[in-house]
Number of protein chains: 2
Amino acid sequence: MSKIFVLGHKNPDTDSICSAISYAYLKNEIGMDVEPIRLGELNNETLYALEQFNFEHPRLVTRVSAEASQVILVDHNERQQSAEDINEVQVIEVIDHHRIANFETVDPLYFRAEPVGCTATILLKLFKENGVAVPANIAGLMLSAIISDSLLFKSPTCTQQDIHAARELAELAGVDAAEYGLAMLKAGADLSNKTLEDLMSLDSKEFEAGAHHFEVAQVNAIGVDDVISRQKELEVLMEQVITKKGLSLFLFVVTDILNNDSVGIVLGEQAGIVESAFKSSVVDNRVLLPGVVSRKKQIVPVITEALS
Amino acid sequence: MSKIFVLGHKNPDTDSICSAISYAYLKNEIGMDVEPIRLGELNNETLYALEQFNFEHPRLVTRVSAEASQVILVDHNERQQSAEDINEVQVIEVIDHHRIANFETVDPLYFRAEPVGCTATILLKLFKENGVAVPANIAGLMLSAIISDSLLFKSPTCTQQDIHAARELAELAGVDAAEYGLAMLKAGADLSNKTLEDLMSLDSKEFEAGAHHFEVAQVNAIGVDDVISRQKELEVLMEQVITKKGLSLFLFVVTDILNNDSVGIVLGEQAGIVESAFKSSVVDNRVLLPGVVSRKKQIVPVITEALS
Ligand SMILES: [Mn+2]
Ligand SMILES: [Mn+2]
């Protein structure tokens, strides 16, 4: 029970995994004994990054309270996105770049959220503030996180700070950001070994808005046709999730990483809000979302507003 | 509607006022147009600090949305401690050192909370991170905030970081921290011009725990007898607040700044929890709290736990 875990969100993306490993490294360097863990399966993009920079996979832990009494959250703060037993442990730190919601503590804590494109961008500041050098392989992981969250700097969530951090990290890691980044995104967009069930849970997050719960899944792809051709089978699975979780809306987004456009499949009793919210018609449960690549900035606030 | 306000909590203490002024100074230096405001009357301690370092009183604004569409919160995050119309404006930043609760945003923001003794200690880091020098008079305000929140470094909330920051700020301000600090605390503990109504609202904060609301007021004094001798009249006012706000418990704490002990007067349907929570008997609605000086660290968590 004396362990301290560092963890990203459920259905972990590259930022959640790489930032957990990187922040755990920093913490251990300054004398705190922590272990980075993961709450779910690694996606192809993250696997690529870990392999490139020679890292072991963090351990999969589903019930954190069995081993730890304290945790550090990276890349999320909302409870429903965290470990299922998060209420049974003390959150001693949060490093994040998302909106704040469903988060409450009894005691003061270190909570550092900044409106930047990636947790790793904040971590680079923390390395500097603590006077700890970033080793080449950790720099590679942090660079991977920024490239992933910013879709190689093309997402509207990407800030100048992210670009500067990535430049610095690429130098430390000894890689070319553009070249490495495209290779990593392509590895992530390779959905050939994925079942529909995989696609559903690869990067899916649940949110609350007023009395409603909604979920937004997102997959990156090279061209959207491959996924859209399986829409009918996907809808069956989506309906199951809606029933199981009592969702008002489920939006499944396929983002073309080469064009930076998305297509959404929308179901649920509140699906009707999508048309006016995104000013785009829904045909056959499908909606075109031109220029939309960011769930956080271009999708979740729009749905939250429409449902509230 | 284009203004951005910087504000501390209701019933402002020295940290809330001095940190609002200091952070507004920093923001203006880096090119943001902001105005520090206050949500309530200034106490004697804060008046002393503002006068010593030659500052105007920030403007009293009760409805922020009439003039601003965005605000920056310092020294608090819980909505019930903020402007009454806080839900009608966008919170773009929070700099705080309290627990996090009743706080939620639609968009990502800059949220910097650290488990240190005072907001001003975090502000000193932000001046450095932004490469802005702290002028002598602003340093004096920030020092005043740290001395106030830490009761001249004697509160258990005081950390090494607060002590180091205060040392640095005292030098910048050109004052002796111990000497100036005691004079400021004594000015604040002078209750001779205060009515009982003043004492009730000087530094009172409301909290939630489970289904319960409770309030903890705190006044600093030199010796507690003066206040305790007016207990019966005080209880009448406390009962009125309990009824008006639907509180389960109201704890009025008088803290002796020379001995660093407190005495509490407790009323409300849940008053019974105090005895076991603080392991001290309640006689005539009064409880001795030896060594207790910090509402945040020694009182609120104990009551929250007992009521939850
Ligand atoms: Mn992220
Ligand atoms: Mn404070």
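In this text, all values refer to a predicted model and were calculated from it rather than measured experimentally.

Things to note about the domain arrangement of chain A
Residue and element names in this part refer to chain A.
Inference 1: Here chain A is described as being made up of domain 1 (4-189) and domain 2 (196-307).
Inference 2: Listed as interface residues are 23 residues of domain 1 and, on the opposing side, 21 residues of domain 2.
Inference 3: Buried surface at the junction of domain 1 and domain 2, both sides included, amounts to about 1,900 Å², of which 56% is carbon and sulfur.
Inference 4: Looking at the side of domain 1 facing domain 2, the largest losses of area belong to N11, R99 and L151, adding up to 27% of the total buried there.
Inference 5: Inspection of the region where domain 1 meets domain 2 yields 0 salt bridges.
Inference 6: At the boundary of domain 1 with domain 2, the tally comes to 3 residue pairs in polar contact (both at pLDDT 80 or more).
Inference 7: If you tally residues by element for the side of domain 1 that touches domain 2, the top one is helix 6 (residues 177-189), at 5 residues.
Inference 8: A class-by-class count of the residues in the side of domain 1 that touches domain 2 yields 7 nonpolar, 11 polar and 5 charged.

Let's talk about the interface of chain B and chain A
Inference 1: Facing the 22 residues of chain B at the interface are 22 residues of chain A.
Inference 2: In total, about 2,000 Å² of surface goes out of reach between chain B and chain A, with carbon and sulfur atoms giving 59% of it.
Inference 3: At the junction of chain B and chain A, the tally comes to 2 salt bridges.
Inference 4: Notably, a salt bridge pairs R112(B) with E129(A), separated by 4.0 Å at the nearest N-O pair.
Inference 5: Joining chain B to chain A, the criterion identifies 4 residue pairs in polar contact (both at pLDDT 80 or more).
Inference 6: Elements that contribute at least two residues to the side of chain B that touches chain A include exactly strand 6 (110-113) and helix 11 (295-307) of chain B.
Inference 7: With 4 residues, the top contributor of residues to the side of chain B that touches chain A is strand 6 of chain B.

With respect to the coordination of the manganese ion (ligand 2)
Residues and elements named next belong to chain B.
Inference 1: Distances from the manganese ion (ligand 2) to its protein donors, D15 (OD), D75 (OD), H97 (NE2) and D149 (OD), fall at 2.1 to 2.3 Å.
Inference 2: In primary sequence terms, the donor set of the manganese ion (ligand 2) follows D-x59-D-x21-H-x51-D. Pair noted here: H97 is in the loop between strand 5 (90-96) and strand 6 and D149 is in helix 4 (residues 136-150), with a separation of 52 residues, a long-range link. Of the two residues examined, H97 and D149, each falls in the buried class.

Some thoughts on the environment of E269(B)
Residues and elements named next belong to chain B.
Inference 1: Assignment of secondary structure puts E269 in the loop between strand 10 (261-267) and helix 10 (273-278).
Inference 2: The class for E269 is exposed, based on a relative accessible area of 63%.
Inference 3: Separated by 19 residues in the primary sequence, E269 and F250 place their C-alpha atoms 9.4 Å from one another.
Inference 4: E269 has contacts with H212 and S248, leaving out every residue within four places of it along the chain.

Re the UniProt feature "domain: DHHA2" (unreviewed entry) in chain A
Inference 1: This chain's UniProt record puts "domain: DHHA2" (unreviewed entry) on residues 181-307 of chain A.
Inference 2: The annotated region residues 181-307 of chain A carries 43% helix and 29% strand content, and the separation between its end C-alpha atoms amounts to 36 Å.

Some thoughts on the layout of surface pockets
All names here are of chain A.
Inference 1: Its boundaries defined by the atoms lining it, the largest pocket holds a volume of some 480 Å³.
Inference 2: Lining the largest pocket are 20 residues; nearest its centre among them are K10, N11, S201, E215 and K245.
Inference 3: Every element with two or more residues in the lining of the largest pocket is listed here: helix 7 (196-202), strand 7 (204-209) and helix 9 (231-245).
Inference 4: Per element, the largest residue contribution to the lining of the largest pocket is 4 residues, and it comes from helix 9.
Inference 5: Grouping the amino acids of the lining of the largest pocket by side-chain chemistry returns 5 nonpolar, 8 polar and 7 charged.

What counts, and at which threshold
- Every residue gets a number counted from 1 within its own chain, in the order that chain's sequence is written.
- Ligands are numbered from 1 and chains lettered from A, in the order in which they are written.
- This being a predicted model, a pLDDT of at least 70 is required before a residue's local features are given, and a value of 80 or more before pairs of side-chain atoms are given or counted; all residues contribute to the totals for chains, interfaces and linings.
- Derived side-chain values reflect all non-hydrogen atoms in the structure, with water molecules and hydrogen atoms excluded from consideration.
- In this entry, domain limits derive from an automatic or database-based domain assignment.
- The contact rule is simple, with two residues in contact once any of their heavy atoms fall within 4.5 Å.
- By definition, the buried area sums, over both parts, the 1.4 Å-probe accessible area that each loses when the two are put together.
- When a carboxyl oxygen of Asp or Glu is within 4 Å of a side-chain nitrogen of Lys or Arg, the pair counts as a salt bridge.
- Counted as a polar contact is a pair of N or O atoms within 3.5 Å, where, for protein atoms, one must be capable of donating a hydrogen and the other of accepting one, and residues adjacent in sequence contribute only when both atoms are in side chains.
- Only runs of H or I of at least four residues qualify as helices and only runs of E of at least two qualify as strands under DSSP, and these elements are numbered from the N terminus.
- As a working rule, the residues Ala, Val, Leu, Ile, Met, Phe, Trp, Tyr, Cys and Pro are called nonpolar, Asp, Glu, Lys and Arg charged, and the rest polar, with Gly in that last group.
- Metal coordination here is assigned from N, O and S atoms located within 2.8 Å of the ion, or within 3.2 Å for Na, K and Ca; omission of water means that sites may look incomplete.
- In this scheme, a residue with accessible area under 20% of its type's maximum is buried, one over 50% is exposed, and one in between is partly exposed, where area comes from a 1.4 Å probe on protein chains only.
- UniProt positions are given in the numbering used here, feature names are shortened, and annotations may be inferred rather than shown by experiment.
- Throughout, the protein atoms alone are placed on a 1 Å grid, and a set of points is a cavity if a 1.4 Å probe fits but cannot get out or a pocket if it is open with protein on both sides within 12 Å along at least five of seven lines; lining residues have an atom within 4 Å of a point.
- Grid points are joined across faces, edges and corners, and a volume is the space filled by probe spheres set on the points.

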